[in-house]
Each structure stands twice: as structure tokens, then as C-alpha cells.
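Structure assessment
Okay, here's what each chain looks like letter by letter:
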Amino acid sequence: MVALSLSFVSCDDGHVDDPVYDDHSETYTVQITGTFKSLNTWTGTYSVAAACFDEENAYSLIQKVLPSTATDSTMEVLTLAGVPTRTKTVEIALVNSLRKRIATLYSYNIPENQRYTDTIKIDVGTLNVGMFGAINQFIFQGTGTNCSRCHSSERAAANLDLSKENAYSNLVGVLSTKDTSKTRVVAGDADNSFLYKVITEGDENVGYSHPGLFADDKYAPFIDIIKEWINGGAKE
Ligand code: HEC
């Protein structure tokens with residue numbers, strides 16, 4: 001916690017002296033360096049941002065969206081100025097258009113004794129921040145939805161293996177086993193993709209109801225993200 005003691009001296013003429021801070025500033029600057037892979041796979045309304053969060057709130061205090069026009073693997077130096085001192089974490093996060101955090105891809109905790117007069121420099125290394133990578137990590141492998149519990153390499157319900165390495169090649173352009181008139185993922189067409197049908201409304205040929213797996217607020221936005229991923233061309 002930063003102690004901000006302000007002392008105002010007010011005079012009869014209405015003049016107020018500049019506030020005096022123990023720690024010189026209310027805001028500071030963060031500089032982030034990193035190599036971001038597959039950033040250019042993001043299409044639609046969600047994006048990857050360098051963002052600052054306090055403890056209470058899932059909406060970023062300040063953020064900078066990483067440019068999705070980047071080439072496959074881009075080294076970026078991002079400067080966030082005007083970062084409020086109540087920031088607890090600086091993250092590379094998946095955010096929606098209202099700046100709400102959907103998932104954290106990388107997180108740095110501001111140390112208790114941070115001096116805010118110095119620019120905070122964070123090197124995040126190399127991060128895969130691709131759209132499919134996020135879906136794979138947070139949904140197919142995620143502990144909440146846990147698709148690979150029933151769709152692993154050893155035990156693949158409906159012959160669908162959603163393990164980390166095999167998920168992509170088992171989905172895009174592959175015929176459904178439960179309804180052979182359908183393709184699991186038709187790149188560019190979510191409405192005709194069996195995956196999308198199974199997770200949004202279920203299907204009479206599928207003996208397990210999937211929409212419930214996305215009931216938690218943490219996972220619900222991924223229904224939308226999967227739709228945007230498919231409609232954007234289902235890139236790896
Ligand atoms: C509790 C086990 C279970 C979990 C967890 C589970 N599934 Fe399934 N899934 C099934 C069963 C069972 C079937 C249909 C198999 C059958 O009826 O023979 C199926 C079928 C499917 C199909 C149809 C495949 C085809 O080719 O017809 C898709 C797509 C699918 N699941 C996706 C997912 C996704 C994505 C997740 C995670 C969000 C998930 N499943 C989690 C059990 C599960």
C-alpha cells in the first residue's frame with residue numbers, strides 16, 4: 001500500500017498550494033518487453049492487452065491492446081503511462097470490448113515496496129497469445145470445463161481427442177462421428193460447425209449435455225470466442 005499524504009494549504013484568496021506527496025506521484029510508468037506469438041490470429045471483439053488491475057476489479061484500470069496486425073512473432077516494447085498506484089498486477093490478459101478480463105496469460109505482481117518514481121520494467125519473455133492457443137489452454141485443457149477428461153488420447157468420447165497436441169487436428173475440417181453429415185469445425189462457418197452446436201444447444205446424437213460445461217461466468221465468454229475463432233477462419 002502506498003501512503004499518500006496530501007497537505008493542502010488554503011488561503012483567503014482561494015489559492016491552493018500544490019499537494020505534497022510522500023512518494024512523488026499518483027501514477028507511474030510500466031514498460032513491457034516481450035515476444036508475442038500468433039497475435040495476428042485474433043479476430044472479432046476480444047483482444048490481448050497489456051493491462052493493469054487492482055484487487056477488487058476485473059476491469060482494467062489502464063490497458064494497451066496489442067496490435068493484431070503484428071506478424072506471427074513480434075517483439076514489442078509497450079509503455080503504459082499513467083498507471084495508478086493502486087495497481088496490484090500488470091498482466092498480459094484476454095479482455096473484452098469493455099476492458100473486462102476474461103483470462104490471464106501472464107501476470108506480474110507489483111512488489112509491496114515498489115518505488116513509483118522508477119519506471120517498472122517487465123520482460124514477459126516469449127508468449128503464445130494466439131486465439132486457438134487460448135481456447136485450447138482455458139477450455140479444452142482447462143480444469144473447469146475439462147474437455148480432455150472425456151476426450152483424451154486414451155479415452156476419446158465420440159473418437160474426439162482434445163488433448164493439447166491433438167485438439168486442432170481433430171477438429172478443423174474433420175467429420176463428426178455422431179452425425180456424419182456434419183463437420184466438427186468448418187473454418188469460417190460456426191453455424192455449420194458441429195462443435196459449436198454441441199456446446200451451445202447440444203445434439204440428439206450426443207449422449208452427454210455439453211452446454212452446462214460453460215455455465216460458469218469464467219467460461220461463458222469462451223462460447224463467443226469459439227464462435228469468433230471459427231468465423232474468423234479457425235486459424236491455428
Ligand atoms: C463427462 C464427459 C464429457 C466431457 C467433460 C466433455 N464431453 Fe464431449 N462428448 C462426450 C460424449 C459422451 C460424447 C458423445 C459420445 C457418444 O454419444 O457416443 C461427446 C461428444 C462430443 C462432440 C461430438 C464429436 C463428434 O465427432 O460427433 C464434441 C464436438 C464434443 N463432445 C466436444 C466437447 C468439448 C469442447 C468439451 C469441453 C468443453 C467436451 N466435449 C467435454 C462426453 C464429454
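Criteria and cut-off values
- Along each chain, residues carry numbers from 1 onward, in the same order as the chain's sequence is written.
- Only residues with pLDDT of 70 or above have their local features reported here, since the model is predicted, and side-chain atom pairs are shown and tallied only from 80 upward, although totals for entire chains, interfaces and linings are computed over all residues.
- In computing side-chain properties, one takes all heavy atoms of the structure into account and sets aside hydrogens as well as water.
- We call a residue near a molecule or strand when any one of its heavy atoms sits within 4 Å of it.
- Here a polar contact is taken to be a pair of N or O atoms separated by no more than 3.5 Å, where protein atoms must pair a possible hydrogen donor with a possible acceptor and residues adjacent in sequence count only if both atoms sit in side chains.
- Each helix is a run of DSSP H or I of at least 4 residues and each strand a run of E of at least 2, with the numbering of both proceeding from the N terminus.
- Only Asp, Glu, Lys and Arg are considered charged, only Ala, Val, Leu, Ile, Met, Phe, Trp, Tyr, Cys and Pro nonpolar, and every remaining residue, Gly among them, polar.
- Sodium, potassium and calcium take a 3.2 Å donor cutoff, other metals 2.8 Å, and in both cases only N, O and S atoms count; water is not among them, so sites may look incomplete.
- A four-donor site is called tetrahedral if each angle lies between 85 and 135 degrees; a four-donor site is square planar, and a six-donor site octahedral, when trans pairs exceed 155 degrees and the remaining angles lie between 65 and 115; all other cases are labelled irregular.
- Between any two strands, at least two bridges found by DSSP are needed for them to pair.
- Convention adopted: a line fitted to C-alpha atoms gives each axis, helices being fitted over their contacting stretch, and angles between N-to-C directions are expressed from 0 to 180 degrees.
- In this analysis, two residues are considered to be in contact whenever any of their non-hydrogen atoms come within 4.5 Å of each other.
- The way it works is a 1 Å grid over only the protein atoms, where trapped points that fit a 1.4 Å probe form a cavity and open points with protein on both sides within 12 Å along at least five of seven lines form a pocket, and then any residue with an atom within 4 Å of a point lines it.
- Grid points are joined across faces, edges and corners, and a volume is the space filled by probe spheres set on the points.
- Put simply, a salt bridge is a Lys or Arg side-chain nitrogen that is within 4 Å of an Asp or Glu carboxyl oxygen.
- Each residue is assigned to one of three classes by its accessible area relative to the maximum for its type, calculated with a 1.4 Å probe on protein chains only: buried under 20%, partly exposed between the two thresholds, exposed over 50%.
- Note on convention: near helix rotated counterclockwise from far helix by under a right angle means a left-handed crossing. Clockwise means right-handed.

Further remarks concern the site of the ligand. If you check the shell around the ligand, you find 25 residues, and the closest are Cys147, Cys150, His151, Arg184 and His210. Note that an oxygen atom of the ligand is positioned 2.7 Å from one of the side-chain N or O atoms of arginine 184. Of all the elements in the fold, those that place two or more residues in the shell around the ligand are helix H1 (131-140) and helix H3 (194-200). Here the shell around the ligand takes 3 residues from H3, the largest share from any one element. Its residues assigned to classes, the shell around the ligand shows 15 nonpolar, 7 polar and 3 charged.

For the rest of this paragraph, the subject is the coordination of the iron atom of the ligand. Distances from the iron atom of the ligand to its protein donors, His151 (NE2) and His210 (NE2), fall within 1.9 to 2.0 Å. One can describe the site at the iron atom of the ligand as octahedral: its 6 donor atoms subtend angles covering 88 to 180° at the metal. Of this pair, histidine 151 sits in the loop between H1 and helix H2 (167-171) while histidine 210 sits in the loop between H3 and helix H4 (221-231), and the two are 59 residues apart along the sequence.

In space, the 4 strands of this open sheet follow the order S3-S2-S5-S6, with antiparallel pairing throughout. Two strands in the sheet have a free side with no partner beyond their single neighbour: strand S3 (62-65) and strand S6 (101-109). Mean inter-strand twist for the sheet, computed between neighbouring axes without regard to direction, equals 25°. As defined by bridge partners, strand S2 (residues 47-53) adjoins strand S5 (residues 89-95) across 7 bridges and the pair is classed as antiparallel. By the bridge assignment, serine 47 is partnered in S5 with valine 95. Packing against the sheet, H4 makes contact with S5 and S6, and its axis sits at approximately 100° to S6.

Quick look at the layout of surface pockets now. Its volume calculated, the largest pocket comes out at about 440 Å³. Lining the largest pocket are 29 residues, with His151, Leu160, Val198, Val206 and His210 sitting closest to its centre. Elements with a minimum of two residues in the lining of the largest pocket: H1 and H3. When residues in the lining of the largest pocket are grouped by element, the largest group, 4 residues, is from H3.

Turning our attention to the pattern of salt bridges. Two side chains carrying opposite charge are able to pair once their charged atoms lie near each other. If you walk through the whole model with that rule in mind, you get 6 salt bridges. For aspartate 54, the salt bridge is made with arginine 86, and the minimal N-O distance between the two is 3.4 Å. Residue aspartate 54 is found in the loop between S2 and S3, and its partner arginine 86 is found in the loop between strand S4 (73-84) and S5; the two are separated by 32 residues along the sequence. Salt-bridge contacts for aspartate 118 lead to arginine 115; the nearest nitrogen and oxygen are separated by 4.0 Å. Among the residues examined, arginine 115 registers a relative accessible area of 53% and is labelled exposed.

As a further point, take the side chain of threonine 41. Inspection of the secondary structure puts threonine 41 in the loop between strand S1 (27-37) and S2. Engagement of the side chain of threonine 41 in a polar contact is seen with the backbone oxygen of serine 38, the distance being 2.7 Å. Once you skip the residues sitting within four places of it in the chain, threonine 41 turns out to touch Gly130, Met131, Lys235 and Glu236.

Take the packing of H1 against H4 next. Closest axis-to-axis distance for the H1/H4 pair is 10 Å, and the angle between their directions is 145°. The handedness of the crossing between H1 and H4 comes out as left-handed. Mapping the contact onto sequence places Met131, Phe132, Ala134, Ile135, Phe138 and Ile139 in H1 and Phe222, Ile225, Ile226, Glu228 and Trp229 in H4. Grouping the amino acids of the contact of H1 with H4 by side-chain chemistry returns 10 nonpolar, no polar and 1 charged.

That's the geometry; what it means functionally is another story.
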